[in-house]
Amino acid sequence: TTTCFTGILALLMLSMGITLTVEDFRRVFRRLGPVGVQFAMCYALIPALAAGIAMASGLGPEMSAGLILIGAVNGGQASNLCTFIARGNVALSVMMTTATTLGAIVMTPLVAKIFIGTAVPVN
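Residues numbered from 1 in each chain as written. Predicted model: local features only at pLDDT ≥ 70, side-chain atom pairs only at ≥ 80, totals over all residues. Heavy atoms only, no water.

1. Side note on the packing of helix 5 (residues 76-85) against helix 6 (residues 90-116)
Next, step 1: Their axes nearest at 9 Å, the elements helix 5 and helix 6 cross at an angle of 170°. Comparing the axis directions of helix 5 and helix 6 gives the class roughly antiparallel. Where helix 5 abuts helix 6, its residues Gly 76, Gln 77, Ser 79, Asn 80, Thr 83 and Phe 84 lie against Val 90, Ser 93, Val 94 and Thr 97. (Axes fitted to C-alpha atoms, helices over the stretch in contact; angles between N-to-C directions. Helix = DSSP H or I, 4+ residues; strand = E, 2+ residues; numbered from the N terminus. Parallel < 35°, antiparallel > 145°, perpendicular 65-115°, else oblique. Contact = heavy atoms within 4.5 Å.)

Okay, here's the thing in structure tokens:
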């Protein structure tokens, strides 16, 4: 069920977060370039590629809009978990997820306006 899944995901995120230190985040803040690149890719490059694929495939407007919006969705918690399992830079992954999640408030309607031609309200 959704409640069970949410609880397990929360437990995984907590156990992953316990491994992080303040120094891990300080290292990320010293080099914010990768966070900016990922933000730009999430809200510019990937939706542009999705729009290109939609046009090349001859998708209708509804399917094109869906593909573009899906392209603009950030990686979320799954990417953090995958980074943790791969022994990657979890603090960097968490910062990237945080940036794109906060950015989604403004960027999702902007992506819709630019690539789809209409504003999509975010509630």
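2. Quick look at unusual backbone geometry
Next, step 1: Of note in this structure, Arg 87 is not a glycine but carries a positive phi near 60°.
Next, step 2: Relative to the helices and strands, Arg 87 is located in the loop between helix 5 and helix 6.
Next, step 3: Assessed through its relative accessible area of 77%, Arg 87 is described here as exposed. (Buried < 20%, exposed > 50% of the residue type's maximum accessible area, 1.4 Å probe, protein only.)

3. Describing helix 3 (residues 33-57)
Next, step 1: For helix 3, with 25 residues, the first-to-last C-alpha span of 34 Å sits near the 36 Å given by 1.5 Å per residue.
Next, step 2: Its maximal kink placed at Met 41, helix 3 deviates by approximately 45°.
Next, step 3: Restricting attention to buried positions, one finds in helix 3 the residues Val 35, Cys 42, Tyr 43, Pro 47, Ala 50, Ala 51 and Ala 54.
Next, step 4: Summarising the contacts, the buried residues of helix 3 are in contact with helix 2 (22-30), helix 4 (61-71) and helix 6.
Next, step 5: In the stretch just after helix 3, Gly 58 is the one whose phi turns positive, near 70°. (Expected span 1.5 Å × (residues − 1). Bend = angle between axes of the 7 residues up to and from the residue.)

4. Re the packing of helix 3 against helix 6
Next, step 1: At a minimum axis separation of 9 Å, helix 3 and helix 6 run at an interaxial angle of 35°. Helix-helix and strand crossings are classified by hand; for helix 3 and helix 6 the assignment is right-handed. On helix 6, the residues that touch Pro 34, Val 35, Gln 38, Phe 39, Cys 42, Tyr 43, Ala 44, Pro 47, Ala 48 and Ala 51 of helix 3 are Leu 92, Met 95, Met 96, Ala 99, Thr 100, Gly 103, Ala 104, Met 107, Val 111 and Phe 115.
Next, step 2: Grouping the constituent residues of the contact of helix 3 with helix 6 by class yields 17 nonpolar, 3 polar and no charged. (Left-handed = near helix turned anticlockwise from the far one by under 90°. Nonpolar A, V, L, I, M, F, W, Y, C, P; charged D, E, K, R; others polar.)

5. Quick notes on the nonpolar core
One recurring pattern in soluble globular proteins is that nonpolar side chains are buried together.
Next, step 1: Counting residues in each nonpolar core, the largest one holds 11 residues, listed as Met 13, Met 16, Leu 20, Val 28, Val 35, Val 90, Ala 91, Leu 92, Val 94, Met 95 and Met 96.
Next, step 2: Only helix 1 (2-18) and helix 6 provide two or more residues apiece to this core.
Next, step 3: With 6 residues, helix 6 is the single largest residue contributor to this core.
Next, step 4: When residues no more than four places from it in sequence are discounted, the contact partners of Met 13 are Gln 77 and Leu 81. (Core = buried A, V, L, I, M, F, W, Y, C linked by side-chain atoms within 4.5 Å.)

6. Structural notes on the side chain of Thr 100
Next, step 1: By secondary structure assignment, the location of Thr 100 is in helix 6.
Next, step 2: Among the polar contacts made by the side chain of Thr 100, one reaches the main-chain carbonyl oxygen of Thr 97 at a distance of 3.3 Å.
Next, step 3: Setting aside residues up to four positions removed in sequence, Thr 100 forms contacts with Gln 38, Phe 39, Cys 42, Tyr 43 and Asn 74. (Polar contact = N/O pair within 3.5 Å; in protein donor to acceptor, adjacent residues only side chain to side chain.)

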